[in-house]
Structure formats: structure tokens, C-alpha cells
Amino acid sequence: MEKKITIAIDGYSSTGKSTIAKQLATALGYVYVDTGAMYRAVTLFALRNGSIADTDEDVDNIVSLLSEIRLKFVPNSSLGYCEMYLNDENVEAEIRTLHVSQFVSKVAAIEAVRVKLVELQQAMGREKGIVMDGRDIGTVVFPDAELKIFMTASPEKRAYRRYKELLDRGDKVTYEEVLKNVEHRDYIDTNREFSPLRKAEDAIAFDNSDMGLKEQFERILSYSQRVIARA
Ligand code: DC
């Protein structure tokens, strides 16, 4: 039988990591895990509890709330992928709003939050056969992943894609607002103290600024098949 591998897909926000990771997992019959959804769910919980990670007190409060947070990915067979549940509530739509996006990088910079979520992610990948996307998958969560992809694209291209996605969902946002959020998140994600976003040395750099989805998927699928054949 074919050996299963671990595939880590990291990169900047709105580079289309999750779209490719989802397609790849389906094609390979692997499990897909969107770690950004986990940081978003913790952020939603913090916001609902009046903490936005701005002051030391907020951070302490979020850390003390962590034990009350239960995260679960539940398959939705009609959609063909899993949705994020926070304490048994489906929060898939709420965690994707610009409001949550505006605070998530701050929450993701808290060490105790990262420790908790990395532990959960490592447990999910114990059996391999997993495609996980995020910011620190190839560097921290699975440093021994057999295939690591680091996705990039210009901030303007990424903001435009995200802007269209939010409009399609009926959110009232402006392109400028979304671009500002993308740039702000890039700054916090790459400059935070704990597990900042960076390319793992053995990751394949993948700039998709001028590449359609089909081409991206075919290229990454072919990298995967080559690595699986050698595993
Ligand atoms: O992929 P995303 O945009 O849904 O991620 C939301 C935020 O969570 C992003 O600002 C960075 C953070 N994140 C992280 O720090 N580590 C991960 N493994 C995944 C996401």
C-alpha cells in the first residue's frame, strides 16, 4: 500500500492556501485541517468574552479562558469539507468576518494560545495522510513534514481576492479596508515573538500572483505525487 505523508502548506493570508489544500486533500484521500480556523475560533471566543488582546489584562483573560474552549472539525457531507465548531456551535460563518480578521493576529501572537493549538494540531496529524495549512506548520507543527509549500502573492492581489470573497458573502467592505487588514496581518504574523511566519528552509516557495487555481492545483498535486512515490 502507498505510504501516507504529511503535507504542510504555509504562507501569507489570502494566498489561497485553503482552497488548494482542500482540493489536494480530496484528490489524495487525505484529511484537511485549516489551522487558521482554530485561531479564528479562539478569537471569536475572546471577543464574545470582552477580550481583544490589546492590554496585558486582556491577554491574561484570554489565557485563563483557554480551558473553556473546545474546538472540533465536523464534516459537512453536502459541502464536502469540515466546519469549525466552538463548544459544539457551528461558527464557520462567524469566524470568517472582517471583524474576527481584525483581531485574530493579536490572539495568534499569544504564546499560550499557540501552545494549546499546536498540541491539538500535532495530535490530528499523528497518523499522517494529512494536508494542514497555516503559518507555522512546516516550521513548528510538523518540522519533519515530507512536503512543505510556502505560498506567496502580492498584497494587492491577495486583498483583491479576499475582497471579492467577502462581497460574494454579502459583507459590506471596501477594497482599501481589506488591503489594510491584509498588510496589517502580514506585519503582525511575520514580526511576532512566538513562531513568526517564515518559510521553512526545506519548503518550496510558490508565488501564485499570476497563476490560476487549476495550474496551482496541478503543480502542487504533481509535487505531492512525486514525494509519495519516494516515501
Ligand atoms: O489563514 P487565516 O487567515 O484564516 O489565519 C488567521 C490568522 O491566524 C492569521 O492572521 C495568522 C494566524 N495563524 C497563525 O498564526 N498560525 C497558523 N498556523 C494559522 C493561522
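Note that the coordinates shown come from a computational prediction; the quantities given were computed from them, not determined experimentally. (Residues numbered from 1 in each chain as written. Predicted model: local features only at pLDDT ≥ 70, side-chain atom pairs only at ≥ 80, totals over all residues. Heavy atoms only, no water.)

In the vicinity of the ligand there are 15 residues, among which R40, R114, D136, R185 and R192 approach most closely. A distance of 2.9 Å separates an oxygen atom of the ligand from a polar atom in the side chain of R135. Separating an oxygen atom of the ligand from a side-chain N or O atom of R185 is a distance of 2.9 Å. Protein contacts shield 95% of the accessible area of the ligand, which totals 440 Å² for the unbound molecule. Those elements giving two or more residues to the shell around the ligand turn out to be α2 (35-48), α4 (98-108) and α8 (175-191). The leading source of residues in the shell around the ligand is α2, at 4 residues. (Near = heavy atom within 4 Å. Polar contact = N/O pair within 3.5 Å; in protein donor to acceptor, adjacent residues only side chain to side chain. Areas by Shrake-Rupley, 256 points an atom, 1.4 Å probe, with all protein chains shown as cover. Helix = DSSP H or I, 4+ residues; strand = E, 2+ residues; numbered from the N terminus.)

This part takes up the pattern of salt bridges. On inspection of all chains with the given rule, the structure shows 18 salt bridges. Note that K106 is salt-bridged to D54, the shortest N-O span being 2.5 Å. Placement of the pair is K106 in helix α4 and D54 in the loop between α2 and α3 (56-65), with a sequence separation of 52 residues. By relative accessible area, D54 is classed as partly exposed at 48%. One salt bridge connects K157 with D210, and the closest N-O pair in it is separated by 2.9 Å. Note that K157 is positioned in helix α7 (residues 155-168) and D210 in the loop between β8 (204-207) and α9 (213-230), a separation of 53 residues in sequence. (Salt bridge = Lys/Arg side-chain N within 4 Å of Asp/Glu carboxyl O. Buried < 20%, exposed > 50% of the residue type's maximum accessible area, 1.4 Å probe, protein only.)

Another point: the packing of aromatic side chains. For any two aromatic rings, the description comes down to two numbers: the centre-to-centre distance and the angle of the planes. Across all of its chains, the model carries 5 aromatic pairs by this definition. Consider the rings of Y160 and Y163, whose centres lie 6.4 Å apart with planes at 45°: the pair is tilted. Taken together, the residues span about one helical turn, with Y160 and Y163 both in helix α7 at a distance of 3 residues. Taking relative accessible area as the criterion, Y160 reaches 45% and is therefore assigned partly exposed. In this structure an aromatic cluster arises from ring pairing among Y160, Y163 and Y175. The lysine or arginine in question, K22, covers the ring of Y81, its NZ or CZ lying 4.0 Å from the ring centre. (Phe/Tyr/Trp six-rings, centres within 6.5 Å; stacked < 30°, edge-to-face > 60°. Lys NZ or Arg CZ within 6 Å of the ring centre and 35° of its normal.)

On to helix α1 (residues 17-28). Here α1 contains 12 residues, and its C-alpha end-to-end distance of 16 Å stays within 8% of the 16 Å for a straight helix at 1.5 Å per residue. Among all positions in α1, only K17, I20, A21, L24, A25 and L28 are buried. The arc enclosing the buried residues of α1, seen along the axis, measures out at 130°, which places them on a common side. Considering only its buried residues, α1 is in contact with β1 (6-11), β2 (31-34), β6 (130-134), β7 (147-152) and α9. (Expected span 1.5 Å × (residues − 1). Arc of directions from axis to C-beta. Contact = heavy atoms within 4.5 Å.)

Below, the discussion takes up the packing of α2 against helix α5 (residues 111-124). It is the contact of α2 with α5, at a shortest axis distance of 11 Å, that shows an interaxial angle of 140°. Considering the angle they form, α2 stands oblique to α5. Note that α2 runs across α5; the crossing there is right-handed. Here T35, M38, Y39 and V42 of α2 lie close against α5, whose contacting residues are V113, R114, L117, V118, L120, Q121 and M124. The residue inventory of the contact of α2 with α5, partitioned by class, reads 8 nonpolar, 2 polar and 1 charged. (Axes fitted to C-alpha atoms, helices over the stretch in contact; angles between N-to-C directions. Parallel < 35°, antiparallel > 145°, perpendicular 65-115°, else oblique. Left-handed = near helix turned anticlockwise from the far one by under 90°. Nonpolar A, V, L, I, M, F, W, Y, C, P; charged D, E, K, R; others polar.)

So, on to the packing of α7 against α8. Contact geometry of α7 with α8 gives a least axis separation of 9 Å together with a crossing angle of 125°. Regarding the angle of α7 to α8, the classification is oblique. You can see that α7 and α8 cross each other, and the crossing is right-handed. Of α8, the residues touching α7 (which contributes P155, E156, R158, A159, Y160, R162, Y163 and L166) are Y175, V178, L179, V182, E183, R185 and D186. A per-class count over the contact of α7 with α8 returns 9 nonpolar, no polar and 6 charged.

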